[in-house]
Amino acid sequence: MKSFFLLFSIVVLISCGHKTTTEEQIIFDRIAFTYNLKSAVNKTIWKDFDLDKFDVPLIYYTSSNCYIANPTQRFLDCVKSDPVFENGDIRIYKTRTILDSIPFHMEVALTLGNSTPDYNYKSPFMNCSSLEITRKRIPQVHSTEQWATMVLHEYFHGFQQRHINYLNVYEKYMRIPEDSLKKIYKDNAWFKESIIKENDLLLKALNCKDDLETKKWMAEFFSLRKERRWNVKQTLNVDIESVEKIYETMEGTARYIEYELYKIFSEGKPETALAKSDTAFHSYTYYKNYKMEKDAWLYQSGSSSYFYASGFNVCRLLDKLKIEYKPRLFNEGETSLEQLLQEKMN
């Protein structure tokens with residue numbers, strides 16, 4: 001995907017007779033904003049993120065219809081839509097009716113297996129509700145920037161799934177849903193206790209400056225994790241190793257993208273500039289002089305979705321150890337964050 005910073009003022013309407021409303025202009029600007037952020041991620045965070053071959057169409061849900069950015073031809077063949085906007089690399093269509101009755105969207109969706117081929121069959125689509133709908137659902141969302149980090153988190157899942165080797169592994173292991181891991185966490189105090197201790201060891205490895213001490217905390221982390229998985233297999237008759245690795249890699253890297261965007265916002269880089277149309281929710285106040293400590297949920301694992309935090313911390317630990325892990329993840333299919341960290345230990 002080519003860079004196209006600050007192009008909000010150049011508008012080319014490609015639908016004959018279509019007149020852009022103020023509300024629509026805000027939508028177009030928000031979509032353009034997310035595409036600018038994709039370019040920023042590609043430049044400073046994760047190379048190849050905005051390549052055309054990894055692009056994922058974005059469906060923006062309002063209360064009455066949807067706007068689809070860069071749809072596939074299969075989508076246009078399946079869903080009646082009208083072109084309403086084009087700007088650089090962005091083509092936006094408006095659906096004539098809303099696609100479903102689900103009240104809130106913030107996910108990447110695709111169909112797999114033997115399902116009836118749909119517009120998203122083995123083709124991920126980014127689905128997001130408007131900022132207005134999102135704020136009603138999640139009042140803690142305080143700005144367009146924060147909404148955009150949620151969108152980019154999900155966009156990164158689409159990037160993952162556009163790697164065919166990773167998609168094949170994803171399809172193989174998704175027979176064990178993440179809710180199964182969450183249930184084990186909720187139902188077994190010893191499991192939760194071990195998870196928290198493991199994460200604390202990752203944080204110790206991250207925060208210490210001595211190489212030998214870092215390796216010491218890493219060794220304890222792997223030992224405790226191995227023991228916990230053995231206990232799960234013995235007491236619950238479930239082997240969670242493969243599925244835990246894939247969820248930790250999938251969600252940890254997506255959270256890593258969120259955090260890195262917070263840092264970009266704190267620096268006030270040009271690609272973070274929003275059009276004047278969206279000033280109602282536009283604020284850098286939260287991110288000025290940003291420190292991760294104000295968002296402990298990023299790195300603490302005190303919830304059933306523990307693999308988000310542990311994966312995020314492993315990403316940061318790989319960065320600290322100067323391990324080139326990003327070119328290997330997703331390209332190699334089953335390669336996980338844990339595996340790459342274990343290789344360093346060995």
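Everything in this summary refers to the structure shown in the same document. Since the model is a prediction, treat every value here as computed from it, not as a measurement.

The rules behind each value
- Residues numbered from 1 in each chain as written.
- Predicted model: local features only at pLDDT ≥ 70, side-chain atom pairs only at ≥ 80, totals over all residues.
- Heavy atoms only, no water.
- Helix = DSSP H or I, 4+ residues; strand = E, 2+ residues; numbered from the N terminus.
- Buried < 20%, exposed > 50% of the residue type's maximum accessible area, 1.4 Å probe, protein only.
- Contact = heavy atoms within 4.5 Å.
- Areas by Shrake-Rupley, 256 points an atom, 1.4 Å probe, with all protein chains shown as cover.
- Pairing = 2+ DSSP bridges.
- Axes fitted to C-alpha atoms, helices over the stretch in contact; angles between N-to-C directions.
- Polar contact = N/O pair within 3.5 Å; in protein donor to acceptor, adjacent residues only side chain to side chain.
- Salt bridge = Lys/Arg side-chain N within 4 Å of Asp/Glu carboxyl O.
- Parallel < 35°, antiparallel > 145°, perpendicular 65-115°, else oblique.
- Nonpolar A, V, L, I, M, F, W, Y, C, P; charged D, E, K, R; others polar.
- Core = buried A, V, L, I, M, F, W, Y, C linked by side-chain atoms within 4.5 Å.
- Arc of directions from axis to C-beta.

What about the overall build of the protein?
Then step 1. The number of helices and strands found in the protein is 11 helices and six strands.
Then step 2. Within the span of the protein, comprising 346 residues, buried residues form 53% of the whole.
Then step 3. The long-range fraction of contacts in the protein, counting pairs at least 24 apart against all pairs at least 6 apart in sequence, stands at 69%.
Then step 4. Accessible surface computed for the protein: about 16,200 Å², of which carbon and sulfur atoms make up 50%.

Observations regarding the pairing of strand 5 (residues 106–109)
Then step 1. Every second residue of strand 5 is oriented toward a common face, the buried set being Met106 and Val108 and the non-buried set Glu107 and Ala109.
Then step 2. When strand 5 meets strand 6 (residues 125–129), the two strands line up antiparallel, connected through four bridges. Across the sheet, Ala109 pairs through a bridge with Phe125, a residue of strand 6.

A word on the pairing of strand 4 (residues 90–95)
Then step 1. Two elements, strand 2 (residues 66–69) and strand 4, share three bridges in a ladder whose sense is antiparallel. Looking at strand 4, one finds that Tyr67 is bridged to Lys94.
Then step 2. Summarising the sheet, strand 3 (residues 81–87) and strand 4 pair through six bridges and their orientation is antiparallel. Counted as the bridge partner of Glu86 is Arg91 from strand 4.
Then step 3. Where strand 3 folds back onto strand 4 in an antiparallel hairpin, the turn is made up of two residues, including Gly88, whose phi is positive at roughly 60°.

Focus on the sheet that holds strand 4
Then step 1. Strand order in this open sheet of six strands is 3-4-2-1-6-5, and the pairing throughout is mixed. What marks the edges here is a single partner per strand, and that holds for strand 3 and strand 5. With strand direction ignored, the average angle separating the axes of adjacent strands in the sheet is 20°.
Then step 2. Relative to strand 6, strand 1 (residues 58–61) runs parallel, the two being bridged by four bridges. Bridging across to strand 6, Ile59 finds its partner in Asn127.
Then step 3. On top of the sheet, helix 1 (residues 22–44) reaches strand 1, strand 2, strand 3 and strand 4; it is set at about 135° to strand 4, its chief contact.

Some details on the environment of Thr62
Then step 1. If you trace the backbone, Thr62 turns up in the loop between strand 1 and strand 2.
Then step 2. For Thr62, a relative accessible area of 14% puts it in the buried group.
Then step 3. For the pair Thr62 and Ile98, spaced 36 residues apart in sequence, the C-alpha separation works out to 8.0 Å.
Then step 4. Apart from the residues lying within four places of it in its own chain, the contact partners of Thr62 are Ile27, Tyr67, Ile98 and Ile133.
Then step 5. Polar side-chain contacts of Thr62 include one of 3.3 Å to the backbone nitrogen of Ser64.
Then step 6. Polar side-chain contacts of Thr62 include one of 2.8 Å to the backbone oxygen of Asn65.

Looking at the pattern of salt bridges
Then step 1. The full count for this structure, using the stated rule, is 19 salt bridges.
Then step 2. Of the charged contacts, one joins Arg225 and Glu248 as a salt bridge, the two residues approaching to 2.7 Å between their closest N and O atoms. Taken together, the residues Arg225 in helix 8 (residues 211–236) and Glu248 in helix 9 (residues 241–267) connect sequence positions 23 residues apart. One exposure class covers both Arg225 and Glu248, and it is buried.
Then step 3. One salt bridge connects Arg225 with Glu338, and the closest N-O pair in it is separated by 2.8 Å. Taken together, the residues span a long stretch of sequence, with Arg225 in helix 8 and Glu338 in helix 11 (residues 337–345) at a distance of 113 residues.
Then step 4. Take Arg225: its relative accessible area is 2%, and that puts it in the buried class.
Then step 5. For Glu338, a relative accessible area of 8% corresponds to the buried category.

A short note on the packing of helix 1 against helix 9
Then step 1. Two elements in contact, helix 1 and helix 9, have axes separated by 11 Å at closest approach and are oriented at 100°. Classed by the angle they form, the pair helix 1 and helix 9 counts as roughly perpendicular. In this structure, helix 1 contributes Phe33, Leu37, Ala40, Val41 and Thr44 to the contact, and helix 9 contributes Ile257, Leu261, Ile264 and Phe265.
Then step 2. Among the residues forming the contact of helix 1 with helix 9, the class breakdown is eight nonpolar, one polar and no charged.

Thoughts on the nonpolar core
Then step 1. By size, the foremost hydrophobic cluster in this structure holds 92 residues, and its most contacted members are Trp46 and Tyr325.
Then step 2. When residues of this core are assigned to their parent elements, the largest contribution, 12 residues, is made by helix 9.
Then step 3. Apart from residues lying up to four places away in sequence, Tyr325 is in contact with Trp46, Tyr256, Cys315, Leu318, Asp319, Leu337 and Leu340.

Digging into the side chain of Asn313
Then step 1. Its location among the elements puts Asn313 in helix 10 (residues 306–320).
Then step 2. Side-chain polar atoms of Asn313 contact the backbone oxygen of Tyr299, separated by 3.0 Å.
Then step 3. When residues no more than four places from it in sequence are discounted, the contact partners of Asn313 are Asn199, Leu202, Leu203, Leu206 and Tyr299.

What about helix 5 (residues 164–173)?
Each α-helix turn comprises 3.6 residues. Residues three or four places apart therefore point the same way.
Then step 1. Of all the positions in helix 5, only Tyr166, Leu167, Val169, Tyr170 and Tyr173 are classed as buried. Buried positions in helix 5, seen along its axis, are confined to an arc of 165° and lie on one side of it.
Then step 2. Against the buried residues of helix 5 lie helix 4 (144–161) and helix 9.

So far we have only geometry, and geometry alone does not tell us how the molecule works.
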